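What follows is the residue order along each chain.
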Amino acid sequence: MGGHLQLGLFLPSTSGGMIIADATPPQNKPTWQLNKNAVVAAEAGGFEFALSQVKWRGFGGPSGHWDSALESFTLMSALAAVTDRIRLYASVAVRTIHPAILAKMAATIDEVSGGRFGVNIVAGWNKFEYAQMGLWQDDNYFIDRYEYAAEYLTILQRLWSEPSVTFDGKHFQLQDCVSLPKPAQRLSIVCAGQSEGALDFVAREADYAFVGRLNDSPEQLRSVTKALRDRAAGRDRAVGAYSLLTVIADETADIALARKQSYIDRRDDVAIAEFLRASGKDINRADYAKLDPAVATFMSIPSIASSYAGVAAHLDALAEADLSGVCLSFPDFSTDVPIFIERILPLMKSRSHPM
Ligand SMILES: Cc1cc2nc3c(=O)[nH]c(=O)nc-3n(C[C@H](O)[C@H](O)[C@H](O)COP(=O)(O)O)c2cc1C
């Protein structure tokens, strides 16, 4: 095993990205220019996909972490128009927008992109994002959110493929509902849920899952990836596994580790406290209450701080762990993406290189 490892870009569409520190860098002001430059560079470097988050409320503090976030679908539509090959995923928070409207938004971006578009289904874990809009009915949603997401995705799939949809569900009712144009082909569906309900949802409905959290050793990822693939195989389906990784790379491992430590030293404790408060509401995140500050600084997402060769070797080990791909975030996309392409990519064995 261990084939070609797909590379994705976790776009800098939210302030601060994946590092909660009041420092520069992280330098991820979510501007159009930053996102465009990053995705154009990634496409030229051979990245296979880019994904932007959906976020409706951040965590405040001096860094204003995630307070500012470009809207995912409108951003990806614009990026579709300035790229040619890279696959683009927008994220939908299913509580916020009716599936019949989203079906057409997605079909539109599929048309703009020439068939390069997919959807990241976000059930929603941060109550405060939705409660502020009156879109959080009650806390039972923490338990049944993937049932809600499944109904939502069923409607999307049917609207994308059937002439007319009549649907009488627990959450949605549609009567002779039509949606044209249809996407050129079946849109790729990603879901990043990790809970039991989410894994079931992914095995039944999605094409790619994000696996791993807190612990991203290749052994651990191999075992969760296998469990996921087995679960899907039980339903005669195949699901690919991605993981999310923050990369801090430099000439030597010592320099990279010092950079990582500097973010931890300058972490934004106010924003971290709010991140943990929001996470603590979610019964699936009970373990977040006792997160080590160093882990919380990186939002509990795995990170690697190493030399260029060390990062390349780590990514090769992920390919050996049977991951389909890895989605990368960086402290400073404007400089780190070109450096990744120039210095790290050529060292990776799990990528095919031009002769
Ligand atoms: C790669 C990745 C992308 C995600 N994108 C979003 C997002 O755009 N918006 C959001 O609210 N949550 C996002 N999440 C959180 C997941 O949707 C999910 O809620 C989380 O992984 C916890 O899993 P659970 O919902 O099964 O408890 C993302 C997670 C990962 C790993």
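Calculation criteria
Residues numbered from 1 in each chain as written. Predicted model: local features only at pLDDT ≥ 70, side-chain atom pairs only at ≥ 80, totals over all residues. Heavy atoms only, no water. Salt bridge = Lys/Arg side-chain N within 4 Å of Asp/Glu carboxyl O. Helix = DSSP H or I, 4+ residues; strand = E, 2+ residues; numbered from the N terminus. Buried < 20%, exposed > 50% of the residue type's maximum accessible area, 1.4 Å probe, protein only. Near = heavy atom within 4 Å. Polar contact = N/O pair within 3.5 Å; in protein donor to acceptor, adjacent residues only side chain to side chain. Areas by Shrake-Rupley, 256 points an atom, 1.4 Å probe, with all protein chains shown as cover.

- Per an unreviewed UniProt entry, the protein is named LLM class flavin-dependent oxidoreductase, and its organism is Acidisoma cellulosilyticum.

### Structural notes on the pattern of salt bridges
Logical step 1: Evaluation of the coordinates by the stated rule reveals 17 salt bridges.
Logical step 2: Its salt-bridge partner being D200, residue R231 comes within 3.0 Å of it at the nearest N-O pair. Here R231, found in helix α7 (residues 218-233), pairs with D200, found in helix α6 (residues 196-205); they are 31 residues apart in sequence, far enough to count as distant.
Logical step 3: For E274, the salt bridge is made with R277, and the minimal N-O distance between the two is 2.9 Å. Residue E274 and its partner R277 are located together in helix α9 (residues 269-280), separated by three residues, close to a single helical turn.
Logical step 4: Assessed through its relative accessible area of 44%, R277 is described here as partly exposed.
Logical step 5: Linked through salt bridges whose partners overlap, the residues forming this network are E196, D200, R204, E205 and R231.

### A few points about the site of the ligand
Logical step 1: Close contacts around the ligand come from 20 residues, with K55, Y146, A192, Q194 and S195 the closest.
Logical step 2: K55 places a polar side-chain atom, nitrogen or oxygen, 2.7 Å from an oxygen atom of the ligand.
Logical step 3: Taken by itself the ligand offers 610 Å² of open surface, and the protein chains cover 96% of this.

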